[in-house]
Amino acid sequence: MLDLKETFQAHDHSLLSEDRQGEVIVKEGLRGIQPNGKRFYIESYGCQMNFSDSEIVASVLCENGYVSTRDYNEADLVFVNTCSIRENAEQRVRNRLKNFSVVKRRKPDALIGVLGCMAERLKEKFLEEEQLVDIVVGPDAYRHLPDLISEAESGQKAVNVLLSREETYADISPVRLSSNGVTAFISIMRGCDNMCSFCVVPFTRGRERSRNPKSIIAEAQDLFDKGYREVTLLGQNVDSYRWSEDPKVRGKKLIELKDTDDVFNFANLLEAVAQVSPLLRVRFSTSHPKDMLDDVLYVMAKYDNICEYIHLPVQSGNSEVLNRMNRTYDRAWYMNRIDAIRKILPNTAISTDIITGFCGETEEQHKETLSIMQEIKYEMAYMFFYSERPGTLAAKRYEDDVLEVDKKRRLAEIIDLQREHSIARNKADLGKTFEVLVEKYSKRSKDDLCGRNSQNKMIVFPKGDATIGEYIQVKVTDYSQAILKGEIIA
Ligand code: SAH
Ligand code: SF4
Ligand code: F3S
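Procedures and definitions
Residues numbered from 1 in each chain as written. Chains lettered and ligands numbered in written order. Predicted model: local features only at pLDDT ≥ 70, side-chain atom pairs only at ≥ 80, totals over all residues. Heavy atoms only, no water. Near = heavy atom within 4 Å. 1 Å grid on protein atoms, 1.4 Å probe; cavity = no way out; pocket = protein on both sides within 12 Å on 5 of 7 lines; lining within 4 Å. Sits in = over half its atoms within 2 Å of the grid points. Domains from an automatic or database assignment. Core = buried A, V, L, I, M, F, W, Y, C linked by side-chain atoms within 4.5 Å. Buried < 20%, exposed > 50% of the residue type's maximum accessible area, 1.4 Å probe, protein only. Contact = heavy atoms within 4.5 Å. Areas by Shrake-Rupley, 256 points an atom, 1.4 Å probe, with all protein chains shown as cover. Helix = DSSP H or I, 4+ residues; strand = E, 2+ residues; numbered from the N terminus. Nonpolar A, V, L, I, M, F, W, Y, C, P; charged D, E, K, R; others polar. pLDDT = per-residue confidence, 0-100. Points joined across faces, edges and corners; volume = space filled by probe spheres on them. Axes fitted to C-alpha atoms, helices over the stretch in contact; angles between N-to-C directions. Parallel < 35°, antiparallel > 145°, perpendicular 65-115°, else oblique.

*Asks:* What am I meant to see in the site of ligand 3 here?
*Replies:* Around ligand 3 sit Cys-47, Asn-50, Thr-82, Cys-83, Ser-84, Ile-85, Cys-117, Val-201, Arg-205 and Gln-236, and those are all the residues in its vicinity. When each cavity is represented as a set of grid points, ligand 3 is found to reside in the largest cavity. Both domains that meet at the shell around ligand 3, namely domain 1 (16-160) and domain 2 (180-307), each give it at least three residues.

This is the structure we're talking about:
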């Protein structure tokens, strides 16, 4: 039987890393700020937007004199930044919260706070369900954390789950968490207006809004000046990024925009960030097939430092299922976007997300997902079976009627096929030489370093004279499903 956890493949650079990481280390607090003697600990789940938000939370807390710790046993404040995307993501958080009861036993004054998407979805109900929790804060209310902490310190339960149409935290300088000092995420927008019928994100993150490009470019420049060499621009649907100095134009939906409206779009932003320095690699995630048009591809082709990698979630290979999912594209449109990528950017690696066993999915429709995978041969995929989320369009409209055994079998078929494709794609890289940005030591050996090529593949190699943060040429000598191995070429 397939383990639920195996349906998820952890991957640093995706919107989807569900691994727990992100403990903050700010031993001295922020320069010039008087420590208040209290320590906080933060743990993040879910997508990279959540990890990026934890860096905002850390910044707000440090500005107010809190100092971080990696050990929750010594924390006065324990925060969990949560994810609601699937039932098992929520279950993991509930299990983890149980561990924190020891904190309260040892230190009765310690406070436990729940942040992020589960906080937003469950609101006050969280306090009833989990007695342990003192503070519940939604993703748009992090500026209010110091007040909420004071409220909780006075013995009340503190909740702020207001969503905003404006908040982008543009002026808050994130405190980089678990940073390797080489790669960083920059949040360029928040929320989502897409309403895919299976998805809880529009309810937990609110309306889509883009961040002022000046603050994005300044953040990229600042990171570069501090020695970072790669930024990933983050949004649930980066292709619908748009900014206008005119708030009326800014408030319009993509389809309401007129040609005469003065709008700075994602292609413009990508170009501007690429121009910060040819030595700064630029990545982005996630692209939506309906909005990813050729203008973005042409900008990618124009700049060597924009990485040749696109994560383009397909969800299903069958047009009728896509329609029920409210993805607003069909199989032909998706294939047209793949053809455009192959034509304009022939060396680009493509990865995807797939949901199997969505409401009403027949065996034939499942086979169409396998066939679109065969046609495209993705480099990598995140594969899930459908998990009904309360309040979503699908939960209201359709019955979750695919049997669990069928969901699991279909998922196993999809995973097996993807394994074949990942191995074949990696095998095809044997003997090729790639430019690699050195990121860190390999987990297995201090004699090896690792880093990614433009296509986002991790390559491990004997360290030689290479240093972290440097670009080097690496020739591929071996491969597995997940990584490449190689040696430095002088
Ligand atoms: N904004 C991104 C995806 C964010 S959620 C996009 O539109 O592509 C990440 C992935 O989780 C989705 O692409 C989808 O494959 C999966 N997912 C979302 N809701 C799900 C659900 N209810 N059940 C199973 N998988 C889900
Ligand atoms: Fe969810 Fe769809 Fe928005 Fe992605 S685009 S976050 S899947 S609603
Ligand atoms: Fe991300 Fe999970 Fe929320 S995927 S947006 S943290 S529901």
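*Asks:* Is there a simple way to think about the nonpolar core in this case?
*Replies:* Across soluble globular proteins, nonpolar side chains have a tendency to be buried as a group. In terms of nonpolar packing, the biggest core is built from 69 residues, with Leu-233, Phe-266 and Leu-270 touching the most fellow members. Setting aside residues no more than four positions away along its own chain, Leu-270 makes contact with Leu-233, Val-282, Phe-284, Val-296, Val-299, Met-300 and Ile-306. Membership of the second largest hydrophobic core comes to 26 residues, among which are Val-57, Leu-111, Leu-115 and Ile-149.

*Asks:* When you look at the site of ligand 1 in this model, what are you seeing that I'm missing?
*Replies:* The environment of ligand 1 is made up of 16 residues, and the closest members are Gln-236, Pro-313, Gln-315, Asp-353 and Ser-387. Calculation on ligand 1 without its partners gives an accessible area of 540 Å², and the protein chains cover 94% of this total. If you map ligand 1 onto the pockets, it falls in the largest cavity. Elements represented by at least two residues in the shell around ligand 1 include exactly β15 (349-356) and β16 (380-385). Residues that form the shell around ligand 1 fall into these classes: 8 nonpolar, 4 polar and 4 charged. When residues are assigned to domains, the shell around ligand 1 turns out to be shared by domain 1 (16-160) and domain 2 (180-307), each giving three or more.

*Asks:* Would you mind going over the confidence of the model for the protein with me for this structure?
*Replies:* Should the pLDDT be low somewhere, the predicted coordinates at that spot are not to be read in detail. Here the protein averages 91 in pLDDT, and 93% of its residues register 70 or above. Contacts for the low-pLDDT stretch residues 1-29, under 50 throughout, to residues beyond four places or in other chains number 107 contacts.

*Asks:* Looking at this model, I keep getting lost on empty space enclosed by the protein. Mind explaining?
*Replies:* Empty space among the atoms can be located by rolling a probe the size of a water molecule over them. If you walk through the whole model with that rule in mind, you get 4 cavities of 30 Å³ or more. The volume enclosed by the largest cavity comes to roughly 650 Å³. Lining the largest cavity are 37 residues; nearest its centre among them are Ile-85, Cys-199, Val-201, Gln-236 and Asp-353. Listed by contribution, the elements that provide at least two residues to the lining of the largest cavity are α7 (201-205), β15 and β16. Looking at the lining of the largest cavity, the element that brings in the most residues is α7, giving 4 residues. Partitioning the lining of the largest cavity into residue classes produces 19 nonpolar, 12 polar and 6 charged. Among the domains, domain 1 (16-160) and domain 2 (180-307) are the pair contributing at least three residues each to the lining of the largest cavity. If you list the elements that add at least two residues to the lining of the second largest cavity, you get α1 (48-63) and β7 (183-187). Top element by residues in the lining of the second largest cavity is α1. It accounts for 4 residues. Within the lining of the second largest cavity, the residues separate by chemical class into 6 nonpolar, 3 polar and 6 charged. Of the domains in this structure, domain 1 (16-160) and domain 2 (180-307) are the two that each give at least three residues to the lining of the second largest cavity.

*Asks:* Could you clarify how one ought to interpret the packing of α1 against helix α6 (residues 145-153) in this entry?
*Replies:* Relative orientation and spacing of two packed helices are given, respectively, by the angle between their axes and the distance between those axes. At their nearest, the axes of α1 and α6 sit 9 Å apart, and the two run at 70 degrees to each other. As the angle between them shows, α1 and α6 are arranged roughly perpendicular. Taken together, the residues of α6 that come into contact with α1 (itself represented by Val-57, Val-60 and Leu-61) are Leu-145, Pro-146 and Ile-149. Grouping the constituent residues of the contact of α1 with α6 by class yields 6 nonpolar, no polar and no charged.

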